[in-house]
Number of protein chains: 8
Amino acid sequence: MTEQVKVGIIMGSQSDWPTMQEAAQMLDELGVAYEVKIVSAHRTPDRLWTYGKEAAGRGLQVIIAGAGGAAHLPGMMASKTRVPVIGVPVQTRALSGVDSLYSILQMPRGFPVATMAIGAAGAANAGLMAAGILALQEPALAERLDDWRQALSDSIPDEPVRD
Amino acid sequence: MTEQVKVGIIMGSQSDWPTMQEAAQMLDELGVAYEVKIVSAHRTPDRLWTYGKEAAGRGLQVIIAGAGGAAHLPGMMASKTRVPVIGVPVQTRALSGVDSLYSILQMPRGFPVATMAIGAAGAANAGLMAAGILALQEPALAERLDDWRQALSDSIPDEPVRD
Amino acid sequence: MTEQVKVGIIMGSQSDWPTMQEAAQMLDELGVAYEVKIVSAHRTPDRLWTYGKEAAGRGLQVIIAGAGGAAHLPGMMASKTRVPVIGVPVQTRALSGVDSLYSILQMPRGFPVATMAIGAAGAANAGLMAAGILALQEPALAERLDDWRQALSDSIPDEPVRD
Amino acid sequence: MTEQVKVGIIMGSQSDWPTMQEAAQMLDELGVAYEVKIVSAHRTPDRLWTYGKEAAGRGLQVIIAGAGGAAHLPGMMASKTRVPVIGVPVQTRALSGVDSLYSILQMPRGFPVATMAIGAAGAANAGLMAAGILALQEPALAERLDDWRQALSDSIPDEPVRD
Amino acid sequence: MTEQVKVGIIMGSQSDWPTMQEAAQMLDELGVAYEVKIVSAHRTPDRLWTYGKEAAGRGLQVIIAGAGGAAHLPGMMASKTRVPVIGVPVQTRALSGVDSLYSILQMPRGFPVATMAIGAAGAANAGLMAAGILALQEPALAERLDDWRQALSDSIPDEPVRD
Amino acid sequence: MTEQVKVGIIMGSQSDWPTMQEAAQMLDELGVAYEVKIVSAHRTPDRLWTYGKEAAGRGLQVIIAGAGGAAHLPGMMASKTRVPVIGVPVQTRALSGVDSLYSILQMPRGFPVATMAIGAAGAANAGLMAAGILALQEPALAERLDDWRQALSDSIPDEPVRD
Amino acid sequence: MTEQVKVGIIMGSQSDWPTMQEAAQMLDELGVAYEVKIVSAHRTPDRLWTYGKEAAGRGLQVIIAGAGGAAHLPGMMASKTRVPVIGVPVQTRALSGVDSLYSILQMPRGFPVATMAIGAAGAANAGLMAAGILALQEPALAERLDDWRQALSDSIPDEPVRD
Amino acid sequence: MTEQVKVGIIMGSQSDWPTMQEAAQMLDELGVAYEVKIVSAHRTPDRLWTYGKEAAGRGLQVIIAGAGGAAHLPGMMASKTRVPVIGVPVQTRALSGVDSLYSILQMPRGFPVATMAIGAAGAANAGLMAAGILALQEPALAERLDDWRQALSDSIPDEPVRD
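Quick caveat: nothing in here was measured; it's all calculated off a predicted structure.

Draft legend 1. Local environment of the overall build of chain A. Secondary structure summary: chain A contains six helices and five strands in total. Helices and strands appear in chain A in the N-to-C order β-α-β-α-β-α-β-α-β-α-α. Taken over C-alpha atoms, the radius of gyration comes to 16 Å for chain A, in line with the 15 Å a tight globule of 163 residues would show. Classification of the 163 residues of chain A by burial places 68% in the buried group. For chain A, contacts bridging at least 24 residues in sequence account for 66% of all contacts bridging at least 6. Of the roughly 5200 Å² that chain A leaves accessible, carbon and sulfur atoms contribute 48%. The averaged location of the 17 negative side-chain charges in chain A is 13 Å from the averaged location of its 13 positive side-chain charges.

Put into structure tokens, the structure is as follows:
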């Protein structure tokens, strides 16, 4: 019996994977089942439509969407489903991801996207945020998350290593 | 016999109209038939889909799309139709329309949006750009456009009025 | 019997209320019980500490935190509790809320804050995001949220009113 | 018999070619005849004048103009001809092309420039936008453009390659 | 016998006059003869051409050019004449004059524009800079300029007035 | 007998050390005793609390705090102690340290952070500022600081070395 | 017997007073003696020179310097004296004080300026920072500062007033 | 007999030389005598004072000043002499020279600095601007400048080299 996939990690293109894999790794670390898909708002709009329409029915509980530039994927997904969408602005060449950020963040009243920091840290945090949402219903995951957080705190040395 | 509508002016919400009416007025001035619709990328995504899919078949030759904030309308429309899309970034409160601009401008390879200046001047210019495109096939419109341009030049006085 | 409060709306100061009340109104509209508190990261750090430490135990499922300028409240709250934190950047005078945005958004790996748009739209969307998270466990709320979204879509006229 | 050149690709200097060749390659791919010229607004203003004045008469239907920094070429060309001008902001060293962007985009009422994204993606899209405009009169090109768009969509895999 | 006009103050449109009059007033104050013209880079490009070509021959020694948005006037004038061009970025609505600034400042090697601060202070300083250049050849003007500068210093009270 | 440590250099993580070591080196050069600690606002908030509460009592006279991104350490420390806090914005990847800067600088009325330039120069200057503050009470240090400043001035050659 | 003035509040012009008076009021509130002077880096450079050279000898322990635009006063003062300089970026019209901020903050290695937030909050905090520095030597002031901080914390109500 | 030096090229530090040498090379090319000095606003303020005070008397007709970060040199020099000052913003690491630009450009009414583009192009143009100012009094230099400009125009090929 396969575990029910509760988190969908989607991204606009292959080039977003080096960033978005941080979300996948975090979910692996926390033992959360997920799927990874390329869903391009502009190149595969029908795929976006279908994904959004079926998300709730398929049992998805969180969608993590990463995109760069005129990053329409997270916001369009938020328009198609009530399942919470977490947006990750991928860093870009000319504008350092500020274009991605504004395209994801500045959603109009009605369609929130839970925006994370630009780049890899944001993608990792998207995984954590997804886990935090799921943990509201899963005490075991809540405990794993608490442990992860405690381990992070414990790993901080008292002084920096000076080379 | 009604004239074939060749330009569609669409916008994300009523609040964009004070900006986008500049495009309509310009087309009125130049004698170009157009329609005006509210098509919200997030609130009426299906309307966007239908509008995009039917645009070419309905004989639309240019789509002028205005939006503010995470302005996904122009780019999503460009994803749904090969009819040229002109984007107008509407000025916003916190970010002055830079959010609108980046969301419209920074489209990935494959889906161009002809982006105009932020705000009213951009909307008026969207009307002129639409007319310029149509004028490639309509000598009479080309002439009206030339006249409009000449009149603009002729209207510039030699010196500013000093009060 | 009082309803269990599941959402905490906190803010750095009284001056954030005109923005943050949008979150409260949205939760009212969707029938979600919430509390409203002033918790200042800098002026009442101990209150922040206590609030964060007790959040999960008190049954809070989402914390909405609004702040402006060097806006440390959302991120510090995320450091103190695994309960999902939604951050609202309040618009500021000199820097239009870009300072608030960067202080809330750019969290390091480990402590996600679900950042919303700058200002009132962001606060309203924080309410919607909170409802979307709670709706994962409450079918009745999910239905109300679907209805709210449908009503929003239905309210969009086909054409703008031209005055 | 040579094919009528309908698109002029112009740029301010040799250093813009690595960016602007993307427009040329796109037109090659779509089977659109074009010419490539260096026209510097500042170093060869008379060449700009002549090019603009003769554009319509020579049968040019679209001008793609790329430039960086204080990028005056696209806007000055738009001042000299009613032929639609597409502007490509070339990325710059200190300001990442934001200087190019503002110099091209922020045209006053009367002289639209259809501005594309900063850099290579923008140049490629300029080729696509030119093709989209020409396709309004050339059903065969419209079909090739549809095919190109379909092929782009079809090329998107369902999942990213994970290395 | 009329005094030889040595400074030309030009601007893109009537709307620049409230800013550019500061330059005129400064030259009045310093007793420098000037002319004021509207020369629009986009609406009257031929006027720009003629003005630039005739500038040196007419005895102009400095040209002060003010413009806003995609502000091409100063740079295009610098392309047409070796007479020193001082550029004044006029403040704009959406982008506060940063668009004007970048369009004027970021000139390529070969065509310097002496750029002043954004807005009224910049226009006043353009007048002072013009006077400083002319003063290199006119000892009497150098003296008036020294006096003006001394008077400015002398006018500064030791303490602010506290109301 | 160990010298009383009067300056605490704290930073959010090991990755801040290459920047913050400049502060340490400067204090070494000026003969000021200091300690170096990792205190993470988010990962070790209790350590921050304790450090802040004990600072004055332990005889610390200046705290130099460096952090990057949503840099909450300096401001939170300023909230916990009246000992002067000097903040160093560490340069970041996507936003070049502007995020760090705004998070440190834009403190609300009540909790000043003495913010230094972004990056290494800012860290070195934090050391100098700390020394300047301590020098108010230590004539010998004041003299060393004067000497350091004089030596810096003396080291400037009259002309650049041209290679 | 007059109290020794230990804090100098200086500013570039009368127009900075509405901002800088916040520093004065804070020092009044905390019972710290200060003087207020206009010292313009550009209009009264010799006054700046003299002020800087005499600062330490006159017993000044902190200099608070506010300025706007190309705000050279704080940095030039830091170049002339080892007395700690606190800089306040005054908000400006076109650039909102970001010009003031960068001119004050980005000092090279050797000459720190303790930069405060843009505008009134920054000026008030400059007063607090000055008090914090003086408190290192004055236990009574340290106590008054502690009380002021405690009163600020105590003044924060538990909930916002909803109108 | 040595030629009278009419242009002073000054810079804040050795690290500015790679940029500022472009100005020197341009003056070499145009046959204009110049001197090159390091004058640091902060490290050698007295040198700045002396240089400014003696500039006019020594026969300097233009001062080219380059600096980076909190770039006070050009503006402070403009405060000390009526000789026209041309400012070159040197590109910086964290802020790409926008800090240098604002510190140089945003001078208050009374003290103009003729600001050039950020970096090497700006330095070369500073040389050209200096030559243009001197050419007002030297017909032979005016001719050399015309020739240089003509040669630049003539060097532009009709088409880019495609590799």
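Still more to cover.
Draft legend 2. Region of interest: the relation of the copies chain G and chain E. Structural alignment of chain G on chain E gives an RMSD of 0.0 Å, achieved by rotating through 90° and translating 0.0 Å along the axis. The operation mapping one copy onto its partner corresponds to a four-fold rotation axis.

Draft legend 3. Geometry of the interface of chain C and chain A. Contacts between chain C and chain A engage 43 residues on the former and 43 residues on the latter. Taking both partners together, chain C and chain A bury about 3500 Å²; carbon and sulfur atoms supply 61% of that area. Its largest share of buried area at the contact with chain A, chain C owes to R82(C), R109(C) and R149(C), together 21% of the area lost on that side. Here chain C and chain A share four salt bridges between them. The closest approach of N and O atoms between D146(A) and R82(C), which form a salt bridge, is 3.0 Å. Listing elements by their share of the side of chain C that touches chain A, those giving two or more residues are α1 (17-30), α3 (73-80), α4 (98-105), β5 (114-115), α5 (120-135) and α6 (139-154) of chain C. A total of seven residues in the side of chain C that touches chain A trace back to one element, the largest contributor, which is α5(C).

Draft legend 4. Molecular detail of the pairing of strand β2 (residues 34-38) of chain H. All names here are of chain H. When you tally the buried positions in β2, you get five out of five residues, the bulk of the element. Residues Y34, V36 and I38 line one face of β2 and the alternating positions E35 and K37 line the opposite face, and both faces are buried. Sheet analysis places strand β1 (residues 7-11) next to β2, joined by five bridges and oriented parallel. Counterpart to I10 in the pairing with β2 is K37.

Draft legend 5. Examining helix α6 (residues 139-154) of chain B more closely. The end-to-end C-alpha distance of α6(B) is 22 Å, a good match for the 22 Å that 16 residues give at a rise of 1.5 Å each. If you check which residues of α6(B) are buried, you get L141(B), A142(B), L145(B), W148(B), R149(B) and L152(B). An end-on view of α6(B) places all buried positions within 120° of arc, on one side of the element. When the buried face of α6(B) is taken as reference, the exposed residues oriented beyond 90 degrees from it are P139(B), E143(B) and D154(B). In this fold, the buried residues of α6(B) make contact with α1 (17-30) and α5 (120-135) of chain B together with α3 (73-80) of chain D.

Draft legend 6. Region of interest: the interface of chain G and chain E. Every contact between the two is made by 13 residues of chain G and, on the other side, 14 residues of chain E. Both sides of the chain G and chain E interface together cover about 1300 Å² of buried area, and 55% of this is carbon and sulfur. In this assembly, chain G and chain E are joined by two salt bridges. Across the pair K37(G) and E159(E) runs a salt bridge whose closest N-O atoms are separated by 3.5 Å.

Draft legend 7. Main features of the environment of L73(B). With respect to the secondary-structure elements, L73(B) resides in helix α3 (residues 73-80). Apart from the residues within four sequence positions on either side, L73(B) is in contact with I10(B), M11(B), G12(B), V39(B), A41(B), L48(B), A65(B), G66(B) and A67(B).

Draft legend 8. Up close: the UniProt feature "domain: PurE" (unreviewed entry) in chain A. The positions that UniProt labels "domain: PurE" (unreviewed entry) are, in the present scheme, residues 5-156 of chain A. Split by type, residues 5-156 of chain A is 48% helix and 15% strand. Its first and last C-alpha atoms lie 33 Å apart.

Draft legend 9. Spotlight on the relation of the copies chain C and chain A. The transformation that overlays chain C on chain A combines an axial shift of 0.0 Å with a rotation of 180°, and the residual RMSD is 0.0 Å. Taken together, the turn and the small shift mark the pair as related by a two-fold rotation axis. A high fraction, 100%, of the interface residues of chain C reappear at the interface in chain A, so the copies pair face to face through one surface.

Draft legend 10. Inspection of the UniProt feature "binding site: substrate" (unreviewed entry) in chain A at higher detail. In this numbering, the UniProt entry assigns the feature "binding site: substrate" (unreviewed entry) to S13(A), D16(A) and R43(A). Along the polypeptide, S13(A) turns up in the loop between β1 (7-11) and α1 (17-30). Given the relative accessible area of 15%, S13(A) is considered buried. A polar side-chain atom of S13(A) sits 2.7 Å from a polar atom in the side chain of S15(A). You can see R43(A) is positioned in the loop between β2 (34-38) and α2 (45-55). Residue R43(A) is classed as buried on the basis of its relative accessible area of 18%. Sequence-distant contacts of R43(A), that is, excluding residues within four places in its chain, are made with G12(A), S13(A), F111(B), L152(D), S153(D) and I156(D).

Draft legend 11. Inspection of unusual backbone geometry at higher detail. We note that S96(A) has phi near 60°; this positive angle belongs to a residue other than glycine. Tracing the chain through its elements places S96(A) in the loop between β4 (85-89) and α4 (98-105).

Draft legend 12. Fine view of the side chain of S79(G). With respect to the element layout, S79(G) can be found in helix α3 (residues 73-80). The buried category is assigned to S79(G), whose relative accessible area is 8%. In this view, S79(G) contacts R149(F), F111(G), A41(H), H42(H) and P45(H); residues no more than four positions away in its chain are not counted.

Draft legend 13. Main features of the pattern of salt bridges. All names here are of chain A. Throughout the structure, instances matching the rule amount to 56 salt bridges over all chains. Residue R58 pairs with E35 through a salt bridge whose shortest N-O separation is 2.5 Å. Of the two residues, R58 is situated in the loop between α2 and β3 (62-67) and E35 in strand β2; the sequence distance between them amounts to 23 residues. Its relative accessible area of 12% is what places E35 among the buried residues.

Draft legend 14. Broad picture of the arrangement of the chains. Note that chain E does not reach chain F: the shortest distance linking a C-alpha of one to a C-alpha of the other is 18 Å. Regarding chain A and chain H, which are not in contact, the minimum distance between any of their C-alpha atoms is 13 Å.

Draft legend 15. Structural view of the packing of helix α1 (residues 17-30) of chain F against helix α5 (residues 120-135) of chain F. Residues and elements named next belong to chain F. Orientation of α1 relative to α5, taken along the N-to-C sense of each, is 35°, at an axis distance of 7 Å. In this structure, the crossing between α1 and α5 has a hand that is right-handed. Across the interface between the two elements, T19, M20, E22, A23, M26, L27 and L30 from α1 touch A120, A123, A124, G127, L128, A130 and A131 from α5.

Draft legend 16. Seen up close, the packing of aromatic side chains. What the rule picks out here adds up to eight aromatic pairs over all chains. Taking 3.3 Å as the distance between ring centres and 10° as the angle between the ring planes, the aromatic pair formed by W49(D) and W49(E) counts as stacked. In this pair, W49(D) sits in helix α2 (residues 45-55) while W49(E) sits in helix α2 (residues 45-55), so the two residues belong to two different chains. Taking 6.2 Å as the distance between ring centres and 20° as the angle between the ring planes, the aromatic pair formed by Y102(D) and Y102(E) counts as stacked. Pair noted here: Y102(D) is in helix α4 (residues 98-105) and Y102(E) is in helix α4 (residues 98-105), and the two residues belong to different chains.

What counts, and where the lines are drawn
- Residues numbered from 1 in each chain as written.
- Chains lettered and ligands numbered in written order.
- Predicted model: local features only at pLDDT ≥ 70, side-chain atom pairs only at ≥ 80, totals over all residues.
- Heavy atoms only, no water.
- Helix = DSSP H or I, 4+ residues; strand = E, 2+ residues; numbered from the N terminus.
- Rg over C-alpha atoms; globule rule 2.2 N^0.38 Å.
- Buried < 20%, exposed > 50% of the residue type's maximum accessible area, 1.4 Å probe, protein only.
- Contact = heavy atoms within 4.5 Å.
- Areas by Shrake-Rupley, 256 points an atom, 1.4 Å probe, with all protein chains shown as cover.
- Lys, Arg positive; Asp, Glu negative; His and termini not counted.
- Charge placed at Lys NZ, Arg CZ, Asp CG, Glu CD.
- Least-squares fit on C-alpha atoms with pLDDT ≥ 70 in both.
- Buried area = accessible area lost by both parts, 1.4 Å probe.
- Salt bridge = Lys/Arg side-chain N within 4 Å of Asp/Glu carboxyl O.
- Pairing = 2+ DSSP bridges.
- Expected span 1.5 Å × (residues − 1).
- Arc of directions from axis to C-beta.
- UniProt positions renumbered as here; feature names shortened; annotations may be inferred.
- Polar contact = N/O pair within 3.5 Å; in protein donor to acceptor, adjacent residues only side chain to side chain.
- Axes fitted to C-alpha atoms, helices over the stretch in contact; angles between N-to-C directions.
- Left-handed = near helix turned anticlockwise from the far one by under 90°.
- Phe/Tyr/Trp six-rings, centres within 6.5 Å; stacked < 30°, edge-to-face > 60°.

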